[in-house]
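Fold and contact review
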Amino acid sequence: MSQTTLGKNAGDSRERDGRGPSTARALTGQALRALRDNMRQYGMVIALVLLLGLFQVWSGGDMLLPRNVTNILLQNGYILILAIGMMIVIINGHIDLSVGSLAAFTGAAAAVMMVDHDMPWQLALFLSLLIGAVVGAWQGFWIAYVGIPSFIVTLAGMLLFRGATQILLDGQSVSPFPEGFQDISQGFLPEVGPDTNYHNLTVLMGVLVCAVALFQEWRQRKQALAYELHVLPFRMFLLKCAAIVAAVLAFTLTLASYRGVPVVLLILGGLLVAMGFVMRNAVIGRHIYALGGNRAAAQLSGVKDKRVTMLVFVNMGVLAALAGCVFAARLNAGTPGAGNLFELEAIAAAFIGGASMSGGVGTVLGAVIGGLVLGVLNNGMSLVGISQDVQQVIKGLVLLAAVGFDVWNKRRARS
């Protein structure tokens, strides 16, 4: 038998065994189809990865240093908290312009309670969150039951609580705070166990997150198959799981190389899990999507739209208060100028993360990814020495591009 025939037979054997070029081409084709079919879901993740790679090269390797990664989380924690609430408001078909002023007001209230009245920081934090809930309910009443557009109600709230913050603080900063309150924004998990050159608790948490993420992916795939829904091909599913594990472990080891998991990341993780579960699995979450997608049809289906809208704004008020306390804890002071333009950052994060202006579309995870895109942009441009005025121009263009991408994606889906 000739060498040509032997080579051909060997190549045929490799293709039948799944190791030949045809398998590689098929896998690539599956990946491209999956990416095309889930462009909204994966687009911002790819953009975030590309931004990290770009600034890592441009900054000479400073972007992904453990200290800088931790700083990105600490600097943007309060915006990510606001973005989660803002995404839910936008999914419901509304907008909230008051969150920055409300964050400033609740942070100032916590400062006055702790510094001027010697209140325990735990009680001051609880009362601040309660103030946020009451304000959210007050604004939700005007929107849901009186019928005033959310833009007008929250614009009034923005002006009202900006002035109330100035009055409460008398135009001066109030500080310092107890160490426990500062740890909300500046603290880290404690060191435990032997010296391994890594933060042991952080490594353990990373492994647990990997296990939970893999179980969740497997469970979702099993449920989809049981209902005969479309799922990724098995090889693509394995690649997706491998990518998730690699990303989580890389992030974990980066944090563990410095001081470990910051407390604000624990807060964000808890919010992400809780709000994500509510929006995916709870009845009220499905009602929020239904009202944003088609309010009239949802009302005819028996959805209590006024009650749902009220709860959405109560939730936004609580998250705005939490963000205000996190920001105040980071500064170690309640300041009259706190919260300036926070609402625009939160709205931008939601739209970059996949929200639609018409409502009914978006995810909590998407809001966090959108906030991280903005945070990486801010941090990366500062690292490479881009001036603040140019940074504003670039962020505006990024927001316009994200919304333009959403419009294009909808037209492509309809065609």
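Scroll up to find the structure this text is about.
Residues numbered from 1 in each chain as written. Predicted model: local features only at pLDDT ≥ 70, side-chain atom pairs only at ≥ 80, totals over all residues. Heavy atoms only, no water.

1. Concerning unusual backbone geometry
Cis geometry marks the peptide bond from Ser175 to Pro176; its omega dihedral reads -5°. Note on placement: Pro176 falls in the loop between α7 (150-169) and α8 (179-186). Of note, Asp170 is a non-glycine position whose phi angle comes to about 55°, a positive value. For Asp170, the position within the fold is in the loop between α7 and α8. (Helix = DSSP H or I, 4+ residues; strand = E, 2+ residues; numbered from the N terminus.)

2. Quick notes on the pattern of salt bridges
Overall, the coordinates contain two salt bridges when judged by the stated rule. For Glu217, the salt bridge identified is with Lys240, shortest N-O distance 3.3 Å. Of this pair, Glu217 sits in helix α9 (residues 200-226) while Lys240 sits in helix α10 (residues 234-256); the two residues are 23 residues apart in sequence, bridging distant segments of the chain. By relative accessible area, which is 24% here, Lys240 ends up partly exposed. One salt bridge connects Glu345 with Lys395, and the closest N-O pair in it is separated by 3.3 Å. Residue Glu345 is located in helix α15 (residues 342-352), and its partner Lys395 is located in helix α17 (residues 388-414); the two are separated by 50 residues in the primary sequence. Residue class for Lys395 comes out buried when judged on its relative accessible area of 11%. (Salt bridge = Lys/Arg side-chain N within 4 Å of Asp/Glu carboxyl O. Buried < 20%, exposed > 50% of the residue type's maximum accessible area, 1.4 Å probe, protein only.)

3. Points about the packing of aromatic side chains
Enumeration over the complete set of coordinates arrives at 10 aromatic pairs. Geometrically, the ring pair formed by Tyr78 and Phe342 is stacked, given 4.8 Å between the ring centres and 25° between the ring planes. With a gap of 264 residues between them, Tyr78 in helix α4 (residues 66-91) and Phe342 in helix α15 connect regions that are remote in the sequence. Each of the two residues, Tyr78 as well as Phe342, counts as buried. Ring geometry for Phe215 and Trp218: centres 6.0 Å apart, planes at 40°, overall tilted. One end of the pair, Phe215, and the other, Trp218, are both in helix α9, three residues apart, so they sit about a helical turn from each other. Note on Phe215: relative accessible area 46%, which makes it partly exposed. Of the residues examined, Trp218 reaches a relative accessible area of 44% and is grouped as partly exposed. Grouped by ring-pair contacts, the aromatic residues Tyr78, Phe327 and Phe342 constitute a single cluster. (Phe/Tyr/Trp six-rings, centres within 6.5 Å; stacked < 30°, edge-to-face > 60°.)

So yeah, pure geometry; function would need other evidence.
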